[in-house]
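# Remarks on the overall topology
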Amino acid sequence: MCRNIKTLFNFEPPATELEIRDASLQFVRKLSGFSVPSKANKAAFEQAIEAVATAARALIASLVTHAEPRNREVEAVKARATALARFGEPTKLV
């Protein structure tokens, strides 16, 4: 599950609210062991997602770097190249 959490710091344009929420959701899913909480746990699950998102926003806002911001498209190309080297060509479904 956590392999879906992407680095959010030092990108141009900055991370969106949706990206922060998605990363927070994945983190809470990993910690809880639930991909979908029961009705009894839904409120606690949502509260945890918001708490993690708030902490993530604060962390990203407080970090400092002198490195140039990364480009999302370049990073996506690198990730595809790594996946290709690791897993080979994807099979095409007919």
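How each quantity is defined
Residues numbered from 1 in each chain as written. Predicted model: local features only at pLDDT ≥ 70, side-chain atom pairs only at ≥ 80, totals over all residues. Heavy atoms only, no water. Core = buried A, V, L, I, M, F, W, Y, C linked by side-chain atoms within 4.5 Å. Buried < 20%, exposed > 50% of the residue type's maximum accessible area, 1.4 Å probe, protein only. Helix = DSSP H or I, 4+ residues; strand = E, 2+ residues; numbered from the N terminus. Contact = heavy atoms within 4.5 Å. Salt bridge = Lys/Arg side-chain N within 4 Å of Asp/Glu carboxyl O. Axes fitted to C-alpha atoms, helices over the stretch in contact; angles between N-to-C directions. Parallel < 35°, antiparallel > 145°, perpendicular 65-115°, else oblique. Left-handed = near helix turned anticlockwise from the far one by under 90°. Nonpolar A, V, L, I, M, F, W, Y, C, P; charged D, E, K, R; others polar.

## Brief notes about the nonpolar core
Membership of the largest hydrophobic core is limited to six residues, which are L8, A15, I20, A23, A53 and A56. Taken together, the elements giving at least two residues each to this core come down to α1 (17-32) and α2 (42-62). Those residues in contact with L8, other than ones at most four positions away along the chain, are A15, E19, I20, A23 and I60.

## Topic: the pattern of salt bridges
Following the criterion strictly, the structure yields five salt bridges and no others. Close ionic contact of E17 with R57 constitutes a salt bridge, the shortest N to O distance being 2.8 Å. With E17 in helix α1 and R57 in helix α2, this residue pair connects regions lying 40 residues apart in the sequence. Owing to a relative accessible area of 47%, E17 belongs among the partly exposed residues under this scheme. Overall, R57 belongs to the partly exposed group, its relative accessible area being 28%. The residue E50 makes a salt bridge to R57 at a minimum N-O spacing of 3.8 Å. Its relative accessible area of 43% is what places E50 among the partly exposed residues. Connected through shared salt-bridge partners, E17, E50 and R57 make up one network.

## Remarks on the environment of L8
If you trace the backbone, L8 turns up in the segment before α1. Residues L8 and S62, 54 residues apart in the sequence, show an inter-C-alpha distance of 13 Å.

## Some thoughts on the environment of Q26
Note on placement: Q26 falls in helix α1. Of the residues examined, Q26 reaches a relative accessible area of 12% and is grouped as buried. Along the chain, Q26 and I49 lie 23 residues apart, while their C-alpha atoms are 8.8 Å from each other.

## Notes on unusual backbone geometry
In this model, E12 is joined to P13 through a cis peptide bond whose omega is 0 degrees. Positionally, P13 belongs in the segment before α1. In this model, N10 sits at a positive phi of 65 degrees, which is unusual for a non-glycine residue. For N10, a relative accessible area of 16% corresponds to the buried category.

## Some details on the packing of α1 against α2
Running from amino to carboxyl end, α1 crosses α2 at an angle of 125 degrees, the nearest separation of the two axes being 8 Å. Taken as axis vectors, α1 and α2 run oblique relative to one another. In this structure, the crossing between α1 and α2 has a hand that is right-handed. Together, E17, I20, R21, S24, L25, F27, V28, R29 and S32 of α1 and F45, E46, A48, I49, V52, A53, A56, R57 and I60 of α2 make up the contact between the two elements. Per-class residue counts for the contact of α1 with α2 are 11 nonpolar, two polar and five charged.

Limitation: the analysis is restricted to geometry and does not speak to function.
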